[in-house]
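Understanding the architecture of this molecule
So the chains spell out like this:
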Amino acid sequence: MARIMGTDEQAVRTAAIVLAEGKLVAIPTETVYGLAADATNGEAVASIFEAKGRPHFNPLICHVSDVSMAERYAVIDPQSRRLIDAFWPGPLTLVLPLKADTAIHPLVAAGLDTIALRMPRGVAGKIIAALDRPLAAPSANTSGKISGTSAPAVEDDLGARIALILDAGPSEVGLESTIVKVDGDAVQLLRPGGLAAEDIEAFIGKKLERIDQRSAIEAPGMLASHYAPAAGVRLNVHEVREGEALLAFGPVRASGAALAAASLNLSEAGNLREAAANLFDYMKRLDRLGSAVIAVEPIPFNGLGEAINDRLVRAAAPRIPSMTVEQIK
Ligand code: TXA
Ligand code: MG
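Structure report, in brief. (Residues numbered from 1 in each chain as written. Chains lettered and ligands numbered in written order. Predicted model: local features only at pLDDT ≥ 70, side-chain atom pairs only at ≥ 80, totals over all residues. Heavy atoms only, no water.)

**Overview of the pattern of salt bridges**
What counts here: Salt-bridge detection follows one rule: a side-chain nitrogen of Lys or Arg within 4 Å of a carboxyl oxygen of Asp or Glu. Numbering of helices and strands runs from the N terminus; a helix is a DSSP stretch of H or I covering at least four residues, while a strand is a stretch of E covering at least two.
Under the criterion given, the structure shown has 16 salt bridges. Salt-bridge contacts for E71 lead to R81; the nearest nitrogen and oxygen are separated by 3.1 Å. Pair noted here: E71 is in helix α3 (residues 67–73) and R81 is in helix α4 (residues 78–87), with a separation of 10 residues, a long-range link.

**Notes on the packing of aromatic side chains**
For clarity, the threshold we go by: Two rings from Phe, Tyr or Trp (for Trp, the six-membered ring) form a pair when their centres are within 6.5 Å of each other. A pair whose planes differ by under 30 degrees is stacked, one over 60 is edge-to-face, and the rest are tilted. Three exposure classes are used, based on accessible area relative to the maximum for each residue type with a 1.4 Å probe and protein chains only: buried under 20%, partly exposed in between, and exposed over 50%.
The tally for this structure, following the rule as stated, stands at one aromatic pair. Taking the centre distance of 5.5 Å and the plane angle of 75 degrees together, the rings of F87 and F203 count as edge-to-face. Of this pair, F87 sits in helix α4 while F203 sits in helix α7 (residues 197–204), and the two are 116 residues apart along the sequence. On the basis of relative accessible area, F87 is assigned to the buried category, the value being 16%.

**A short note on the site of ligand 1**
This is how the line gets drawn: Throughout, the term near means that a residue has one or more heavy atoms lying within 4 Å of the molecule or strand in question. Nitrogen and oxygen atoms within 3.5 Å of one another constitute a polar contact, given that in protein one can donate a hydrogen and the other can accept it, and given that sequence-neighbouring residues count only through two side-chain atoms. Each accessible area is a Shrake-Rupley estimate made with a 1.4 Å probe; only the visible protein chains count as cover when residues are assessed. Nonpolar residues are Ala, Val, Leu, Ile, Met, Phe, Trp, Tyr, Cys and Pro. Charged residues are Asp, Glu, Lys and Arg, and all others, Gly as well, are polar.
Among the 26 residues in the neighbourhood of ligand 1, the closest are listed as T31, H63, T114, S177 and R191. The contact in question runs from an oxygen atom of ligand 1 to an N or O atom on the side chain of H63, over 2.6 Å. Within the contact set of ligand 1, a nitrogen atom lies 2.9 Å away from a side-chain nitrogen or oxygen of T114. For ligand 1, whose accessible area on its own is 680 Å², the fraction buried by protein is 96%. When residues of the shell around ligand 1 are traced back to their parent elements, those giving at least two are β4 (61–63), β6 (114–118) and β10 (186–191). Here the shell around ligand 1 takes three residues from β6, the largest share from any one element. Looking at the shell around ligand 1, its residues break down into 13 nonpolar, nine polar and four charged.

Structure (structure tokens):
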């Protein structure tokens, strides 16, 4: 059982001390809960992979408390800097060239010469500032499972393997951060997420280049079968089959909705922000009821709908056994 604290000053101090000892702390961020370790401590970072059961070649996002901390570790080009000024703190991660000889342990970037950096909102920033070191933190869940968006969900999944969880209530955004990389004149979208691609496009005045990382071996966090619940997942459902669990969206129900064994509506009003915040929690709740299939009503692709659909497609993908992942490695 992990110790659970709130987010007051004592909790921040305790988290910083536990992290400085090289132990893991689950910390709330506005996107999802993170399983955090001191990014300069190789053994601590390795224990993230251990706790998650995640293959080692997956590079992790590194969380900073401010821009000057980011500048210690990465080379920030002018376009990335504009994005940082516009969207930090917030659900935007930038992939940047890693400075040579930084204190960040090479395991964090899985040996790449780039580093994914973000500045989260909320108490995480205070913990990082107190520690005065960046935190490597993937989502707080075992590999392949749905990301933790509340302290009880994290405790359920990882409580036996971590020292401390800070509880700030349900995550505000509910989806992982959007990952972009500036490449010359282009800005690439590496992972859709909690900051809508359109918001970035409106700011930079052009389209993002959508990179399909789905088959990229160096980023198995993007493996198709990520985010898998135990139940099968059927997408874009207009007709519910008897006994399915229904993940609904909006005011209008699919036909046969009354035949569902259970149903939860991501957003009665059809609000994508609300739907994003509920997504992982509702998938978990429906999964727990034991139906063989979760049927998902169509979700529009605009705004945060792009990231919601991305996560749903992964949840619906054929399951890749961990053996295969090991073989890829
Ligand atoms: O919202 C979030 O981003 C959450 C919270 C906890 O902050 N964190 C999160 O981190 O999702 P993580 O470590 O699971 O994200 C890893 C993904 C990888 O699958 C890969 O796609 C991308 O970040 N990534 C990390 N480093 C990269 C790099 N150097 N180049 C390209 N992609 C990278
Ligand atoms: Mg994750």
